[in-house]
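What follows is each chain in one-letter form.
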Amino acid sequence: MADDKTSVDRRGFLKYAATGAVAAAVPNSMHAQEHDHDHDHDHDHQVVPSDPALRTKALESLLVEKGLVDRAALDALVDAYENKIGPRNGARVVARAWVDSAYKERLLNNAPAAIAELGYGAVQDEHLVVLENGPRVHNLVVCTLCSCYPWPMLGLPPVWYKSAPYRSRAVIDPRGVLREFGLELPEDVEVRVSDSTAEVRYLVLPERPAGTEKMTEEELAALVTRDAMIGAAKIEPPPGGKA
Amino acid sequence: MNGIHDMGGMQDMGPIQPEKNEPVFHQAWEGRMAAINRAIGAWGKWSLDASRHGIEILPPADYLRMSYYEKWLTRNVELLVKRGMVTREEIETGKPAPGSQKATPPLTAAAVPAVAGRRGNFMRPEAEATARFEVGQNVRARNMNPVGHTRLPRYARGKKGTIVRHHGIFVFPDTNAHFLGEQPQHLYSVRFSARELWGDDASPRDSVYIDMWDSYLDHA
């Protein structure tokens, strides 16, 4: 348990407390401050009798023993989440749309078919819709009711996307939310917020930055950020590129 | 259910705090929980809608206090017990009940790459369902307050909008979450102006697009 006990220091606690990101770890953190030594957590003044790390471990053992889950499958799933699915998939799609206007049209009209062209055929039934950002229109995606997010294109969502502050305010004050991300939108830009209430998933096609005309598709893909594909950011021109 | 999960339009929840170079999981157990969630889902004993509802019915104070994966843990234990896959006693002891049969997991490591990021298909193009609306029509979201699962957020109820896209026929969460069948319906994207939702202080240009099932809507 040493890793769990020490992974969230006081600063980390303060940083994430507002989002609830490490709410589960907070008692551990406080516990560690009270008892700055290694020991088991089973003595009588334990602060948290059942922390989620221990409960998860116990649940996994039980499910494996009962044959309800296969431990190797769990290992493979963790590996997939951490290393296989992620925003690089979405970035490839965006870069292709930037260099190939016919592809962009297909992507905006029928995203599942267009992403299948790039070899993502397995996710064709993900009901993906791509929304284009430009100088006049800015799209922002949220899920106010839970945490719906285009996993095959972007991987698992970041903590801020799942947090109460973002989910609550993105629909009522999108400009204020974007300001917190450092993006100030002019009054004459139309802001469209998509609330993912169904099984349709939304991916934002960000505006291609100036100064990238000579870049290859691969170089362009490297510029594309996760936040820009949610609509929480624009894509910065590359260093050295003309603004 | 008018629960704490229905957060759209609430204020004063604190600043948004993006984390630079955020890891996929902050602690190892979160990854195990995400994996367990997917692996037990493969049994097909509950739908995605039922699992969402399992989060919504957490006590509101717990919902706000718990981390994301702690909610998953609590929800999954409840679903496993409710669907008879484990007993409360087994959860408490951490051991299979004496004499219980060992099952064969439906999800193997070899199958993981094909399913890891996927949720399944919720479109039901063959289902019999009437589309009461078409693109361009004005609609009003119904003022309804069901005590069960719904995907009609409170902030849109009673508000007037326009159908901007027809998505097709989809599983209906309000019944499916309660094991009452998929009862598929037509699904639309409805555009609501920010002023309709939030009043005259909102930007005249801005809008919110919400996906809504046929029975959430009336003609306006």
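Residues numbered from 1 in each chain as written. Chains lettered and ligands numbered in written order. Predicted model: local features only at pLDDT ≥ 70, side-chain atom pairs only at ≥ 80, totals over all residues.

Examining the overall build of chain B
- On a plain count of helices and strands, chain B comes out with 8 helices and 5 strands.
- Taken from N to C terminus, the helices and strands of chain B fall in the order α-α-α-α-α-α-β-β-α-β-α-β-β.
- Seen along its three principal axes, the alpha-carbon backbone of chain B occupies a region of about 65 × 45 × 35 Å.
- Long-range contacts, defined here as pairs at least 24 residues apart, represent 67% of the contacts in chain B between residues at least 6 apart. (Helix = DSSP H or I, 4+ residues; strand = E, 2+ residues; numbered from the N terminus. Contact = placed C-beta atoms within 7 Å.)

Overview of the environment of Asp-218 of chain B
- Turning to its location among the elements, Asp-218 of chain B is positioned in strand β5 (residues 217–219).
- Excluding residues within four positions of it along the chain, Asp-218 of chain B makes contact with Val-139, Arg-140 and Arg-142 of chain B.

Here we look at helix α2 (residues 48–56) of chain B
- Turning to α2 of chain B, its buried residues are Asp-49, His-53, Gly-54, Ile-55 and Glu-56 of chain B.
- Contacts from the buried residues of α2 of chain B go to α4 (68–82) and α7 (173–176) of chain B. (Buried ≥ 20, exposed ≤ 12 C-beta atoms within 10 Å, placed from the backbone.)

Notes on the pairing of strand β1 (residues 138–141) of chain B
All names here are of chain B.
- Here β1 shows a clear split, with Val-139 and Ala-141 buried on one side and none of Asn-138 and Arg-140 buried on the other.
- Note that β1 and strand β2 (residues 160–170) share 3 bridges and pair antiparallel. Each bridged residue has a counterpart across the sheet, and for Arg-140 the counterpart in β2 is Lys-160.
- Where β1 lies against β5, 3 bridges are found, and the strand directions are antiparallel. Within β5, the residue paired with Ala-141 across the bridge is Leu-217. (Pairing = 2+ DSSP bridges.)

Details of the interface of chain A and chain B
- Contacts between the two partners involve 80 residues from chain A and, on the opposite side, 77 residues from chain B.
- Among the elements that line the side of chain A that touches chain B, the one with the most residues is helix α4 (residues 52–65) of chain A, at 12 residues.
- With 4 bridges connecting them, strand β3 (residues 190–195) of chain A and strand β4 (residues 207–213) of chain B associate as parallel partners. When the bridges of β4 of chain B are listed, Arg-192 of chain A appears paired with Ser-207 of chain B.

Brief notes about the nonpolar core
- Core analysis: the largest hydrophobic core is formed by 106 residues, its most contacted members being Leu-77 and Val-94 of chain A together with Ile-36, Ala-39 and Met-212 of chain B.
- Not counting residues within four places of it along the chain, the set of residues in contact with Val-94 of chain A comprises Leu-205, Pro-206, Val-224 and Met-229 of chain A. (Core = buried A, V, L, I, M, F, W, Y, C linked by C-beta atoms within 7 Å.)

Thoughts on the domain arrangement of chain B
All names here are of chain B.
- Each domain of chain B was delimited in the assignment, giving domain 1 (28–115) and domain 2 (138–219).
- Computed from C-alpha coordinates alone, the two centres of domain 1 and domain 2 are separated by 30 Å.
- Taken together, the contact between domain 1 and domain 2 spans 6 residues of the former and 5 residues of the latter.
- Residues that form the side of domain 1 that touches domain 2 fall into these classes: 1 nonpolar, 2 polar and 3 charged. (Domains from an automatic or database assignment. Nonpolar A, V, L, I, M, F, W, Y, C, P; charged D, E, K, R; others polar.)

Focus: the confidence of the model for chain B
- Summing up the model confidence of chain B, the mean pLDDT is 96 and the portion of residues at 70 or higher is 100%.
- Of the two predicted TM-score estimates for the complex, the pTM is 0.88 and the ipTM is 0.97. (pLDDT = per-residue confidence, 0-100.)

Focus on the environment of Glu-78 of chain B
Residues and elements named next belong to chain B.
- In this structure, Glu-78 sits in helix α4.
- Exposure remark for Glu-78: the 16 C-beta atoms within 10 Å place this residue in the partly exposed category.
- Counting along the chain gives 62 residues from Glu-78 to Arg-140, while the straight-line C-alpha distance between them is 36 Å.

Points about the pairing of β4 of chain B
Residues and elements named next belong to chain B.
- Burial runs high along β4: 7 of the 7 residues are buried.
- A two-sided burial pattern is seen for β4, the buried positions comprising Ser-207, Tyr-209, Asp-211 and Trp-213 on one face and Val-208, Ile-210 and Met-212 on the other.
- Pairing of strand β3 (residues 185–193) with β4, which is carried by 7 bridges, proceeds in the antiparallel orientation. Each residue of the ladder has a partner; that of Val-190, found in β4, is Ile-210.

Describing the packing of α4 of chain A against α4 of chain B
- Contact geometry for α4 of chain A and α4 of chain B: axes closest at 10 Å, N-to-C directions at 40 degrees. What the angle tells us is that α4 of chain A and α4 of chain B run oblique. Classified by chirality, the crossing of α4 of chain B by α4 of chain A is left-handed. Facing Pro-52, Arg-55, Thr-56 and Leu-59 of chain A of α4 of chain A, the residues of α4 of chain B in contact are Tyr-69, Glu-70, Leu-73 and Val-77 of chain B.
- Of the residues that constitute the contact of α4 of chain A with α4 of chain B, the class distribution is 5 nonpolar, 1 polar and 2 charged. (Axes fitted to C-alpha atoms, helices over the stretch in contact; angles between N-to-C directions. Parallel < 35°, antiparallel > 145°, perpendicular 65-115°, else oblique. Left-handed = near helix turned anticlockwise from the far one by under 90°.)

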